[in-house]
Amino acid sequence: MTQTIAPRVRTLVLLILAVAGALLAGAAPASAHAALTGSDPAQGAVVDTAPSQVSLTFSEPVAVGDDSVRVLDPKGERVDKGEPADPGGTTYSVRLVSGLPDGTYTVAYQVVSADSHPVAGAFTFSIGAPSETTVSVDAQGSDEGLVGWLYGFGRYVSYAGFVVLAGGAAFVLACWAPGARVRAVQRLVVAGWLALTAATLGLLMLRGSYTTSGKVGDVFDLELLGDVLQTKTGAALVSRLLLLAAAALFLAVLFGAYARTADAGDPDRPAEGDGGEPDKRDLTFGLALGGTVVAAGLAASWAMSEHASQGLQAGVAMPVDVVHLLAVAAWLGGLTALLVALYRAPVETPVGQDAVRRFSRLAFGSVVTLAVTGVYQSWRQLGSWSAFTDTRYGQLLLVKIALVAVMVAAAFLSRRWTQRLADARVSGAAGEGERTWSAEGSERTAATVGSEEAERAEEAERAEGEKQPAGDVTVEASATSGASATSEASTASKASSASGGSQASDGASPAADAEAAEASTASGGTSEASADKAESGPDAVRAAQLARQRAATEAARQKRLRDADPNRFGLRRSVLAEAGVAVVLLAVTTVLTQTEPGRTEQDAKAAAATSSSTSATGQGSGAVSLTMPFDTGGTNGEGVVSIDLDPAQAGDNSLHVYVEGPDGTPVDVPEVKIALTLDAQDIGPLPVAPDHITTGHWSASGVQIPMAGDWKVEVTVRTSDIDQVTVSKNAQIG
């Protein structure tokens, strides 16, 4: 059975790793958590005179360095001077050299957001009139190359290591104390510790290059490493390493002193003992308390440097994030330990149904905790229902929710298999009792027969002794005694074999056979010692070898019987399915932590749309507002669409679209399209594709109006797959 399952397990693991790798490979481009919400000059603006500085406004505070903001002329030469200044809040500025000629200039920025992720981008503005430029605004960010991929992979390994380390230890302490003695479980938990330690060291080395140049050669730059150690993220990584040292001591006690107190003979015995072992209870309590503190500290090293540390209600979000991570570890890490125990636990220390039930209760509590904390985190990071579908963060969150639902369904199947395993065990225990009673009766019968035979042998010896000389009596009595002892040992061996058949599941038969063989050898050796003492040594070694072979054969038979149990096999398959989904779930979670939150993305879009400065043309504002009723003819096809165009001048403009129902409440429609036409000059239609911001609100920035005139603004509204209508109005622009 094991040989059949192993290839399937390897195939599933390879498939899961491939899916996880694909998810991680696509994570880098969306790793910015702060967003540029405005600039002066604005993106695409044309100004009459050269500005003295360039200012950038972000959605949250960012960390800037000497080269965080660069301004390049049309030939690609830098025209900024000095370090970026922080006038206040989230706005950062850099001074420009005086006397800049007309042309198109490029602003490139590379900063680090408050939640530790690099933010890179570029835009252009023009002095006097636009011109050709040799600078590309689509330069690769530092988080999109090999270093970015390695950093993302390191984050995944660190999460996986923490889950296996904390969850595996929790499984041993709370569910299956004998697991501390199982070598496979020990290796799993220690592997989690090694993975987390190695990943943390790797992240610390990669951090400097990841947030600056993105070059592999800068990974070993000690100056960059020193700069990293002075940041919040660097302090979090160093704190994690110190806590891992404490975790190493915890594991030494768990798999040392605690393992020696664990009862390997009873796989379902609770970890806290029977109430009469105060030292063991104290050790268990101390490990549980110390392990919880260390695990919470490790979880806090993420919470204090990522999403939870910034934004709305940071003081509440960080402890909630710690609890969320601990619940994930208890569920997924415990599940991994259970899977290893089901497949790799030795015959003498099987994982029992009571241990599975205890883990089931632990997993249920973890899922409830995840649901509560997850709802809060979703509200905090999204802010609106539309963000579930309109932002990448929301879409990934929907995938995560679906995977959790699949895992819960698989866990339900595991509970059913556990119940069947328990029912089968109860039935087996009843049958075992009947077989034990029968074996005891056989032993009593064999003992009675042996006693009668011994009495008859003694009577025959006395009668024979009366007829023979003393010397002959002595020799024959010795021989008769040896034969009688041999006969009794043989009879006892048969009785033991009969009772051993009923005890096969406990592995007692090989021990009984070995004892019978030793008894037979000893009794026979008494009569043969005077004849040939040289042969007694090899016989004893041979008997011991045979006993070990019988024990190994019996253990292998018991393992085959255990693996052939359909209930245990079904439990293995359901737990394996849970573990497979858990690996993909962990990969999605890693990508989610590298993705800009939906609330930030929507706020940035709205701010960028409204921050389009009137300096786009250097003229005053003359905003235009248009309101047009529409009726597509279908269900819920009536409403009003409003257009706001600002500053309504030739050049760069911002456009906002609002759709309301007949009762004046904002409504969403599948599609809204805008087209601008200047019939007098035969210009257009110029299409505009606005971005959805929130319910009933769309916007577009950088809408270019080539010249002043009486423009026709056409709006196409689609309310279903087949129902749409186009309405229009004219407006004087410029």
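Here, the structure is the one placed above.
Worth saying up front: this structure is predicted, and the values here are computed from it rather than measured.

Visitor: Before we move on, can you summarise the overall build of the chain with the specific residues and values?
Guide: Per the secondary structure count, the chain includes 16 helices and 18 strands. A burial count over the chain gives 45% of its 734 residues as buried. Across the chain, contacts joining residues at least 24 apart in sequence account for 72% of those joining residues at least 6 apart. Carbon together with sulfur atoms contributes 58% to the accessible area of the chain, which is approximately 34800 Å² in total.

Visitor: How would you sum up the packing of helix H2 (residues 146-174) against helix H5 (residues 232-254)? Please name residues and give values.
Guide: The interhelical angle for the contact between H2 and H5, taken along N-to-C directions, is 30°, at an axis separation of 13 Å. Between H2 and H5, the angle is such that the two are roughly parallel. Crossing hand, H2 versus H5: left-handed. On H5, the residues touching Tyr151, Ser158, Leu165, Ala169, Val172 and Leu173 of H2 are Thr233, Arg240, Leu244, Ala247, Phe250, Leu251 and Leu254.

Visitor: Quick rundown of the sheet that holds strand S18 (residues 724-733)? Include the residues and the values.
Guide: The strand order across the open sheet formed by four strands is S14-S13-S17-S18, and the pairing between neighbours is antiparallel. Looking at the sheet topology across the chains shown, the edges are occupied by strand S14 (683-688) and S18. The sheet shows a mean angle of 20° between the axes of neighbouring strands, taken without regard to direction. Where strand S17 (residues 709-718) meets S18, ten bridges bridge the pair, whose relative direction is antiparallel. Counted as the bridge partner of tryptophan 711 is alanine 731 from S18.

Visitor: Hey, could you go over the environment of valine 372 for me, with residue numbers and the actual values?
Guide: Assignment of secondary structure puts valine 372 in helix H9 (residues 353-382). Linking valine 372 and histidine 324, residues 48 residues apart in sequence, is a C-alpha distance of 8.9 Å.

Visitor: Would you mind going over the pattern of salt bridges in detail, with residue names and values included?
Guide: Following the criterion strictly, the structure yields four salt bridges and no others. The salt bridge involving lysine 712 is made with glutamate 714; its shortest N-O contact spans 3.7 Å. For lysine 712, a relative accessible area of 23% puts it in the partly exposed group. The salt bridge partner of arginine 718 is aspartate 721, with a shortest N-O separation of 4.0 Å. A single network of salt bridges, built from pairs that share partners, joins Glu671, Arg718 and Asp721.

The rules behind the values
Residues numbered from 1 in each chain as written. Predicted model: local features only at pLDDT ≥ 70, side-chain atom pairs only at ≥ 80, totals over all residues. Heavy atoms only, no water. Helix = DSSP H or I, 4+ residues; strand = E, 2+ residues; numbered from the N terminus. Buried < 20%, exposed > 50% of the residue type's maximum accessible area, 1.4 Å probe, protein only. Contact = heavy atoms within 4.5 Å. Areas by Shrake-Rupley, 256 points an atom, 1.4 Å probe, with all protein chains shown as cover. Axes fitted to C-alpha atoms, helices over the stretch in contact; angles between N-to-C directions. Parallel < 35°, antiparallel > 145°, perpendicular 65-115°, else oblique. Left-handed = near helix turned anticlockwise from the far one by under 90°. Pairing = 2+ DSSP bridges. Salt bridge = Lys/Arg side-chain N within 4 Å of Asp/Glu carboxyl O.

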